[in-house]
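# Report on the structure
Listed below are the residues making up each chain.
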Amino acid sequence: MKSRRRALTGFAVAFLILLAVPHLAERMDWPGFYLTFMFTAFFWITQSSSWNMLTGYSGYFSFGQGAWFGVGVYTTAVLAGKQGWSFLAALPLAGFTALIVGLLLGLVVFRLRSLGGEIFALTTLAVAFVLAAIARIFAAIDGGRGAFMTSVPLPEFLGEFRPAMYRMTLVIMMLTLVTAYLIYESRLGWGLFAIRDDEQVARGLGVPTFRYKMAALGANAFFGGLMGGVWALQIGFVTVEDVFSIRVPLFVILMSVLGGTRHWMGPVVGSLIIFTIVDRFNSAGFENFNQVFIGSLLILLVLAVREGIYLRIRERWVATASLFGLIIAASVIFNSSSMVWKFLWALLGILLMALIPDRAWQKLALRRRPTPSESREDRETVDA
Amino acid sequence: MRTSHKLVRLLALLFAFALVAAACGDDEGDAPTTTADVPTETSAAPSEDPIVVGGSLALTGFLAPTAAIHKVAGELFVERLNAAGGLLGRDVVWDVRDDESTPDQAAAIYERLITEENVDLVLGPYGTGTITAAMAVAEREGFVFPHHTASLTYAYTYACHFPTWPVGVDTNISNPNIVYDALEASGNPPATIGFVLNEFPGTQLIGYGPPNSDAGGAVSEAKKRGWDVVLEINFPTATSDWAPIASQVAEADPDFLYVGALGVDGPNLLTALDAINYTPKGHFYQWPAPGPLLGAPNADGAMSVTVFESHPPYTDDPEAASIVDEFAAKAAEAGIPYTLFDVQAATSWTAWQVLTAGVAGAGSLDQEEICDWLLNNPVETIIGTIDFDPAQQNYYGDLSVIKQIQDGKWVVVYPPEKALPGATPEL
């Protein structure tokens with residue numbers, strides 16, 4: 001209980017600090033791109049963390065993130081973009097519409113035990129195709145003509161477009177992370193991890209598997225859709241091909257797997273690393289090499305750090321934090337590039353740290369053996 | 001244990017040292033240091049730095065075959081501009097990124113170009129979706145936004161957007177009627193017409209008009225002329241299986257086939273039609289990649305719209321003729337199969353002309369001044385004089401003419417005053 005209170009206090013402090021960033025940016029005349037970079041990172045963190053609530057915790061591999069995202073995008077595009085609703089009135093419905101679609105899917109697939117494993121994954125992929133076709137057919141949604149979000153006004157209290165996007169994505173990201181943490185720490189989380197390890201055994205032990213999986217899928221769809229609702233503003237012109245493409249689910253999976261799916265922080269770390277690398281590749285004009293690099297990185301890390309980066313670096317947190325700070329400081333002194341580049345160098349430092357094999361690290365640092373009191377290892381170790 | 005502590009101490013010591021050093025050092029990289037860092041307040045102060053024009057093109061993805069033409073046209077324009085002394089006495093650099101044919105990538109790129117790379121000017125990407133998304137960013141950032149190939153004319157209300165494909169604000173009415181007028185002028189107008197329309201926003205606008213409007217488009221305008229609409233197919237943008245569409249076309253067998261499509265849709269459909277031994281009696285393609293359509297089976301007689309082709313009277317101007325020649329050489333060098341300077345290249349060229357005329361006219365890189373100048377002055381371009389009309393959302397009438405593949409070449413056939421001497425529409 002004490003650790004939970006401490007964690008929630010940490011979330012609150014982090015939220016307040018991040019909330020102050022737009023004011024700081026304005027006062028210190030930061031390049032506008034910093035806010036854009038941050039709120040895009042918030043977008044990816046939210047998407048991957050919400051995906052992880054279902055797939056990481058319960059082991060049900062989902063390609064449905066594109067569907068929840070798309071439902072959210074089109075809900076605000078239709079209500080705020082076409083029907084003239086106020087954006088903030090339409091936004092919650094983006095989450096709830098995705099939630100309803102998710103629960104309807106869950107009612108079918110979780111009732112039928114034959115729809116497990118690969119079939120579940122394919123079913124979630126098919127949902128995105130079906131939703132895309134529906135959007136394309138019905139003119140009230142899209143009808144193949146796209147939907148404009150460019151003239152949707154934002155409430156004045158949120159500020160100009162960029163700070164407003166920052167604040168909205170920040171709130172949704174924090175809600176997602178707190179939810180991911182609370183599930184992780186709760187009976188629900190334990191139950192989901194038991195389902196991941198062996199669903200039949202979990203059921204035998206009294207875990208209400210159907211209810212737990214529905215809860216995880218609902219949370220996944222709700223936050224994915226809610227963030228999609230905000231993201232419609234950033235896209236500006238919403239088209240079926242773009243929104244329901246494989247890009248969102250693919251990146252979300254990469255980010256979560258890279259960061260580690262067995263801890264709520266894994267997707268956060270994975271999202272930051274992959275998004276920053278992709279962003280800097282794009283910035284440097286090497287956008288076509290993104291997939292080559294990310295793919296190679298994933299292969300390397302899956303082989304070398306199977307548990308994901310987060311759990312690996314958590315074991316070495318003092319050295320990791322020091323290295324991170326050191327690289328940031330060194331790049332501030334010796335490198336005049338933007339803060340985003342400095343952030344990338346520091347993240348690459350973390351990656352290198354994670355790539356050092358356990359045995360080599362133990363030799364290097366003479367790491368002490370874990371004590372019996374260091375629990376949770378059973379939840380956080382890699383599947384055999 | 002001792003080694004571990006040593007390692008941590010060493011790292012901590014280095015970290016502390018670095019922080020102290022950082023605190024003493026200055027960070028020139030983060031704060032705006034030049035006028036270019038504050039785009040809306042840029043000035044044309046004498047400088048050796050080049051003027052950077054940022055933008056994206058669909059260098060990959062389904063729009064890439066046609067976007068390649070825009071890339072060559074832009075590069076040639078910048079080369080010639082710099083050879084002639086640049087802009088405001090400074091060289092010009094074009095920073096063009098790949099938006100992968102997707103709107104959200106385009107929006108992200110323009111956001112980055114303006115707020116991180118601090119480019120001085122921007123030029124629109126290729127394609128309706130990407131242009132529309134990028135325009136939203138330009139509007140937020142107060143950047144003048146010339147663009148060449150956006151088709152949702154009714155939707156663009158930004159005061160400083162400058163379209164250079166002259167199709168008119170009511171293009172869903174004007175554009176099909178230019179095609180239909182050409183059919184009437186052939187002396188052999190169709191009695192039946194069939195429509196195959198891509199579910200792409202721009203082609204849907206041409207086909208049916210704006211959403212939530214009863215203005216109509218190509219389909220309703222055909223009916224107004226008393227032509228019998230015997231076929232109406234809408235197909236998804238990413239369609240790869242053309243056989244079912246081809247079968248329906250062959251079965252309906254219209255006198256004239258109106259293909260509201262873009263890129264390589266046309267050649268794909270013609271190939272599928274050829275596979276079932278069907279040749280359209282008359283056919284039109286809205287925005288085809290010109291080269292692939294020329295090489296498609298039974299393409300002779302295919303029509304399309306244009307504003308410039310590489311033949312007289314367009315090349316009567318020696319300047320235009322030299323651009324056409326240089327473009328052909330550069331396009332061949334870039335490996336583009338169709339090397340003629342046509343509507344795609346011409347609208348791209350015009351966008352560059354509008355942008356540079358605005359800067360030269362304003363004598364400044366201040367976005368507001370450039371915008372004001374363009375709104376209040378006509379611009380001489382390769383496709384003629386353009387006079388942006390705010391009352392028509394900066395459009396200025398539909399200047400489209402009809403071209404047709406005759407004897408394996410695209411030639412303008414309608415109206416007579418713009419046609420290749422002696423050429424007429426053939427049905």
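Rules behind the numbers
Throughout this document, residue positions are counted from 1 along each chain, in the order its sequence is written. Throughout, the order in which chains and ligands are written sets their labels, letters from A for the former and numbers from 1 for the latter. Per-residue local features are limited, in this predicted model, to residues with pLDDT of at least 70; the limit for side-chain atom pairs, both in listing and counting, is 80 or more; totals at the level of whole chains, interfaces and linings are taken over all residues. No hydrogens and no water enter the side-chain calculation; it runs on all heavy atoms of the structure. Segmentation of the chain into domains, including their bounds, is taken from an automatic or database domain assignment. Whether two residues are in contact is decided by their heavy atoms: any pair within 4.5 Å suffices. Summed over both partners, buried area is the accessible surface (1.4 Å probe) that two parts give up on being assembled. A pairing counts as a salt bridge when a side-chain nitrogen of Lys or Arg comes within 4 Å of a carboxyl oxygen of Asp or Glu. Where helices and strands are cited, they refer to DSSP runs of H or I of at least four residues and of E of at least two residues respectively, numbered from the N terminus. Charged means Asp, Glu, Lys or Arg here, nonpolar means Ala, Val, Leu, Ile, Met, Phe, Trp, Tyr, Cys or Pro, and polar covers whatever is left, Gly included. Any two strands with at least two DSSP bridges between them are considered paired. Helix axes are fitted to C-alpha atoms over the stretch in contact, other axes to C-alpha atoms as well, and angles between N-to-C directions run from 0 to 180 degrees. Note on ring pairs: Phe, Tyr and Trp rings are taken, using the six-membered ring of Trp, and paired if centres are within 6.5 Å. Classes follow the plane angle, with under 30 degrees stacked, over 60 edge-to-face and the rest tilted. Categorising residues by exposure relies on relative accessible area from a 1.4 Å probe, with only protein chains included: less than 20% of the type maximum marks a residue as buried, more than 50% marks it as exposed, and the intermediate range marks it as partly exposed. Whether a charge lies above a ring is judged from NZ of Lys or CZ of Arg, which has to be within 6 Å of the ring centre and within 35 degrees of the ring normal. Under the rule applied, a polar contact is a pair of N or O atoms within 3.5 Å (in protein, one hydrogen donor and one hydrogen acceptor; residues adjacent in sequence only if both atoms are side-chain atoms). Here a cavity denotes a set of grid points, spaced 1 Å apart and computed over the protein atoms alone, in which a 1.4 Å probe fits but from which it cannot get out, and a pocket denotes an open set meeting protein on both sides within 12 Å along at least five of seven lines; residues with an atom within 4 Å of a point are reported as lining. Grid points are joined across faces, edges and corners, and a volume is the space filled by probe spheres set on the points.

Here we come to the domain arrangement of chain A. All names here are of chain A. Domain boundaries assigned for chain A yield domain 1 (32-245) and domain 2 (247-367 + 376-384). Here the C-alpha centre of domain 2 lies 25 Å away from the C-alpha centre of domain 1. Every contact between the two is made by 31 residues of domain 1 and, on the other side, 29 residues of domain 2. For the pair domain 1 and domain 2, the two sides together bury roughly 2,800 Å², of which 69% comes from carbon and sulfur. Three residues stand out in domain 1 for area buried against domain 2, namely Phe37, Trp44 and Tyr184, and they jointly supply 26% of the buried area on that side. Here domain 1 and domain 2 share one salt bridge between them. For the side of domain 1 that touches domain 2, the secondary-structure elements that each account for two or more residues are helix H3 (33-58), helix H4 (65-82), helix H7 (161-185) and helix H8 (187-197). Considering every element that reaches the side of domain 1 that touches domain 2, the biggest residue donor is H3, with 14 residues. The residue inventory of the side of domain 1 that touches domain 2, partitioned by class, reads 17 nonpolar, eleven polar and three charged.

Across a sheet, strands are paired by hydrogen bonds formed along the backbone, either parallel or antiparallel in direction. All names here are of chain B. Reading across the sheet, the seven strands line up as E7-E6-E8-E9-E10-E13-E14 and stay open at both edges, with mixed pairing between neighbours. Each edge of the open sheet is held by one strand with a lone partner, namely strand E7 (228-235) and strand E14 (409-414). Neighbouring strand axes in the sheet, compared pairwise and without regard to direction, differ in orientation by 25° on average. Pairing geometry for strand E9 (residues 283-288) and strand E10 (residues 302-306), over two bridges, is parallel. If you follow Phe284 over to E10, its bridge partner there is Met303.

Right, let's get into the packing of aromatic side chains. Centre-to-centre distance and the angle between the planes together describe a pair of aromatic rings. The tally for this structure, following the rule as stated, stands at 44 aromatic pairs over all chains. Measuring from ring centre to ring centre gives 6.3 Å for Phe37(A) and Phe343(A), while their planes differ by 85°; the resulting arrangement is edge-to-face. Of this pair, Phe37(A) sits in helix H3 while Phe343(A) sits in helix H17 (residues 339-355); the two residues are 306 residues apart in sequence, bridging distant segments of the chain. On the basis of relative accessible area, Phe37(A) is assigned to the buried category, the value being 8%. Assessed through its relative accessible area of 21%, Phe343(A) is described here as partly exposed. Aromatic side chains Phe195(B) and Tyr258(B) sit 5.3 Å apart centroid to centroid with 40° between the ring planes, which places their arrangement in the tilted category. Taken together, the residues Phe195(B) in strand E6 (residues 192-198) and Tyr258(B) in strand E8 (residues 256-263) connect sequence positions 63 residues apart. Here Phe195(B) matches Tyr258(B) in class, with each residue buried. Among the aromatic side chains, those forming a connected cluster through ring pairs are Phe77(B), Trp94(B), Phe308(B), Tyr314(B), Phe327(B), Phe341(B), Trp349(B) and Trp352(B). Sitting above the plane of the Phe161(A) ring, Arg140(B) keeps its charged end 3.5 Å from the centroid.

Our focus in this paragraph is unusual backbone geometry. Residue Pro313(B) follows Pro312(B) across a cis peptide bond; omega there is 5°. Within the secondary structure, Pro313(B) sits in the loop between E10 and helix H11 (318-333). Omega for the peptide link from Tyr414(B) to Pro415(B) comes to 0°, which places this bond in the cis form. Assignment of secondary structure puts Pro415(B) in the segment after E14. Phi is positive for Asp29(A), close to 55°, though the residue is something other than glycine.

With that out of the way, let us pick up the interface of chain A and chain B. Interfaces are often sized by the accessible area lost when the parts come together. Each partner contributes to the interface: chain A provides 49 residues, whereas chain B provides 50 residues. Between chain A and chain B, a total of about 4,200 Å² is buried, with carbon and sulfur atoms accounting for 57% of that surface. The tally of links from chain A across to chain B stands at six salt bridges. For Arg162(A), the salt bridge identified is with Glu141(B), shortest N-O distance 2.1 Å. Linking chain A with chain B are 13 residue pairs in polar contact (both at pLDDT 80 or more), by the criterion used here. Of all the secondary structure elements, the ones that give two or more residues to the side of chain A that touches chain B are H3, H7, helix H10 (209-235), helix H11 (240-243), helix H13 (266-283), helix H16 (317-334), H17 and helix H18 (358-365) of chain A. Residue classes in the side of chain A that touches chain B are distributed as 21 nonpolar, 17 polar and eleven charged.

This part covers the layout of surface pockets. Taking a probe equal in size to a water molecule and rolling it over the atoms shows the remaining empty space. Residue and element names in this part refer to chain A. In this structure, the second largest pocket spans a volume of roughly 1,300 Å³. Taken together, 38 residues line the second largest pocket, and the ones lying closest to its centre are Leu18, Met38, Leu272, Phe324 and Phe343. Contributing elements (two or more residues each) for the lining of the second largest pocket: helix H1 (2-19), H3, H7, H13, helix H15 (309-314), H16 and H17. The greatest single-element share of the lining of the second largest pocket, amounting to six residues, is contributed by H3.

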